[in-house]
Amino acid sequence: MSGVTELSYTVYEVSDLADWERFGVELLGMAYGEKTSKGFTLRLDDKAHRWVIEEGPKDDLVASGFSVSSSADLDAMAARLRADGVEVTEGDAALAAERKVDRIIITADPLGNRVELVTGFADAETAFESKNLLGRFVTGAGGAGHEVLMSGTVSRDDYLHFYNELLGFRTSDIIVEEIAPGFFADLIFLHCNPRHHSVAIGDMPFPRRMHHFMIEVTDIRDVGLAWDRCLAAHQPFHMTLGMHPNDMMFSFYVETPSGFNIEYGWGGLLIDDATWEVKTLDKLNSWGHMPAGPVAQMLAAGDANSKFGN
Ligand SMILES: [Fe+2]
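Conventions we followed
Residues numbered from 1 in each chain as written. Predicted model: local features only at pLDDT ≥ 70, side-chain atom pairs only at ≥ 80, totals over all residues. Heavy atoms only, no water. Pairing = 2+ DSSP bridges. Helix = DSSP H or I, 4+ residues; strand = E, 2+ residues; numbered from the N terminus. Contact = heavy atoms within 4.5 Å. Axes fitted to C-alpha atoms, helices over the stretch in contact; angles between N-to-C directions. Buried < 20%, exposed > 50% of the residue type's maximum accessible area, 1.4 Å probe, protein only. Parallel < 35°, antiparallel > 145°, perpendicular 65-115°, else oblique. Left-handed = near helix turned anticlockwise from the far one by under 90°. Nonpolar A, V, L, I, M, F, W, Y, C, P; charged D, E, K, R; others polar. Donors = N, O, S within 2.8 Å, 3.2 Å for Na, K, Ca; no water. Core = buried A, V, L, I, M, F, W, Y, C linked by side-chain atoms within 4.5 Å. Phe/Tyr/Trp six-rings, centres within 6.5 Å; stacked < 30°, edge-to-face > 60°.

A few points about the sheet that holds strand β16 (residues 261-266)
Paired through their backbone hydrogen bonds, the strands of a sheet run either parallel or antiparallel.
So, step 1. Spatially, 10 strands are ordered β17-β10-β11-β12-β9-β13-β16-β15-β14-β18 in an open sheet, and the strand pairing comes out mixed. Two strands lie at the open edges of the sheet, namely β17 (279-281) and β18 (287-288), each paired on one side alone.
So, step 2. Note that strand β9 (residues 146-150) and strand β13 (residues 210-217) share four bridges and pair antiparallel. Among the inter-strand pairings, Glu 147 is bridged to a residue of β13, identified as Phe 213.
So, step 3. Against the sheet, helix α4 (residues 156-166) makes contact with β9, β10 (170-180), β11 (183-191) and β12 (199-203), and its axis sits at roughly 15° relative to β11, the strand it touches most.

Dropping the structure here:
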C-alpha cells in the first residue's frame, strides 16, 4: 500500500496575524512567505510554505496537508477511504493554487481534524533565507516537522485505523506516564518516513485540537538562540529545555500567540523500518521539560532568597 510520504504543511486559524508574524519570523526564525487573501504564509525551507496562517477566531490547527507520491496513489487512497465509509471530496483549482499543489483531496480524521492529501507540493520561487538561524530547519524527506493532536473521547482503535490502515502510517512507539496519582498521559507516535513521528495522538487535558507542532533545527545553537529570543520577548514558555526518551529530541516548548505550543528541537532520531521495534515507554521525558510556570516561580523565589546573592 502506498501511504502518505510526509506532513507537508499545516494551516492555522489565528486571531492576531501581526503577533503570529512576529512570533514566526522574529522568535522562531522562519521566513515570511507571502501575503494571502486570508493572512500570510511562513516558510521553513525552499518549499512554497510550511505554515499557512489565516485570520479567524479558532486559534487552533484547521488543516494538515500530507503529500502522496503520485496522482495514481492519491486516487487509490481516496478509493480506500471511500470504501471504508470516509467522506472524501476533490479540492478545486482555486484551493490547489492556494496550497501550491497539483491536486488536493479533502477528508477528516476520526478526531474531526481536516486532512488534506496532496500531490506536487511546489517549491518557492526564491531560496529559503532566515535572518535568525545559524543552520537551517530539518525538513526534506521528513516533512515540515511533527504535530501532536488531542484524541478527546475518540478511541485509539478508531484513529489508528484511519492513520495506519488508510493513510499508511506505522506506529513508532507509545508512552504512558502517570503524571499525577491515578492520572495518565497516554500518547501514540506514528511515522510515515524516517522522522520518528510526523503525527502523535494522545489523551491529555488540553483545550485545543493541537497540543504542539515541532520544528527541528540542524544546529543545536539555534535551540539556545531561539530560547533566548523567546525569553527576551517574554513569550510564555510551556516547558523548559529537556529531552524525550523516544525520539531523543532536545527541545523546549513555547506558547504560540494562539495558546497551543511549538516544540523547538534538535537531534531527533530517525527510524529504519527494517530494524525498528515498537515499544511502550513509561516516561515522556528523559530529563527537563518541566512545566515552565512552576520553574519561573521557583526562580523568582530563589532570586529573593538566593544563597548565591550578595
Ligand atoms: Fe513533540
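That was the structure; now back to the text.
Regarding the sheet that holds strand β3 (residues 39-43)
So, step 1. Strand order in the open sheet formed by eight strands is β2-β3-β4-β1-β5-β8-β7-β6, and the pairing between neighbours is mixed. A single partner strand is all that each edge strand has here, and the edge strands are β2 (31-35) and β6 (89-90).
So, step 2. Relative to β3, β2 runs antiparallel, the two being bridged by three bridges. Across the sheet, Lys 35 pairs through a bridge with Phe 40, a residue of β3.

Here's the deal with unusual backbone geometry
So, step 1. With a phi close to 50°, Asp 59 is a non-glycine residue in the positive phi region.
So, step 2. As for its position among the elements, Asp 59 is in the loop between β4 (51-55) and β5 (60-67).
So, step 3. By relative accessible area, Asp 59 is classed as buried at 12%.
So, step 4. A positive phi angle, near 60°, is found at Lys 100, a position not held by glycine.
So, step 5. As for its placement among the helices and strands, Lys 100 is situated in the loop between α3 (93-99) and β7 (103-108).
So, step 6. On the basis of relative accessible area, Lys 100 is assigned to the partly exposed category, the value being 28%.

A look at helix α1 (residues 17-27)
So, step 1. Turning to α1, its buried residues number three or more, namely Leu 17, Trp 20, Phe 23, Gly 24, Val 25 and Leu 27.
So, step 2. Among the residues trailing α1, Gly 29 stands out with phi positive, at a value near 90°.

Brief notes about the packing of helix α2 (residues 71-83) against α4
So, step 1. At a minimum axis separation of 11 Å, α2 and α4 run at an interaxial angle of 150°. As judged from the angle between their axes, α2 and α4 are roughly antiparallel. The handedness of the crossing between α2 and α4 comes out as right-handed. Every residue of α4 that contacts α2 at Met 77, Arg 80 and Leu 81 is listed here: Phe 162, Glu 165 and Leu 166.
So, step 2. Counted by class, the contact of α2 with α4 contains four nonpolar, no polar and two charged residues.

Observations concerning the coordination of the iron ion
So, step 1. Coordination of the iron ion by the protein involves His 146 (NE2), His 212 (NE2) and Glu 263 (OE), with metal-donor separations of 2.0 to 2.2 Å.
So, step 2. Donor residues for the iron ion sit on one chain with the sequence pattern H-x65-H-x50-E. Pair noted here: His 146 is in strand β9 and Glu 263 is in strand β16, with a separation of 117 residues, a long-range link. Each member of the pair, His 146 together with Glu 263, is buried.

Describing the pairing of β13
The two faces of a sheet get side chains in turn, since along a regular strand they alternate between them.
So, step 1. By the criterion of burial, β13 is predominantly enclosed, with eight of the eight residues buried.
So, step 2. Summarising the sheet, β13 and β16 pair through six bridges and their orientation is parallel. If you follow Val 217 over to β16, its bridge partner there is Trp 266.

A closer look at the nonpolar core
So, step 1. One finds Trp 51, Leu 117, Tyr 163, Leu 167, Ile 215 and Tyr 264 to be the most contacted residues of the largest nonpolar core, which totals 75 residues.
So, step 2. Those residues in contact with Ile 215, other than ones at most four positions away along the chain, are Leu 28, Met 30, Leu 44, Trp 51, Phe 137, Ala 144, Ile 262, Glu 263, Tyr 264 and Gly 265.
So, step 3. Membership of the second largest hydrophobic core comes to 12 residues, among which are Val 52, Val 62, Ala 63 and Phe 121.

Comments concerning the packing of aromatic side chains
So, step 1. In total, this model carries 19 aromatic pairs according to the counting rule given.
So, step 2. Aromatic side chains Tyr 12 and Trp 51 sit 5.5 Å apart centroid to centroid with 70° between the ring planes, which places their arrangement in the edge-to-face category. One end of the pair, Tyr 12, is in strand β1 (residues 6-14); the other, Trp 51, is in strand β4, with 39 residues separating them in the sequence. When sorted by exposure, Tyr 12 lands in the same class as Trp 51, which is buried.
So, step 3. Each ring, one from Tyr 12 and one from Phe 260, has its centre 5.3 Å from the other, and the planes form 20°; the classification is stacked. With Tyr 12 in strand β1 and Phe 260 in the loop between β15 (250-255) and β16, this residue pair connects regions lying 248 residues apart in the sequence.

Some remarks on the pairing of β4
So, step 1. When you tally the buried positions in β4, you get four out of five residues, the bulk of the element.
So, step 2. As defined by bridge partners, β1 adjoins β4 across five bridges and the pair is classed as parallel. For Glu 13, the partnering residue across the bridge sits in β4 and is Glu 54.

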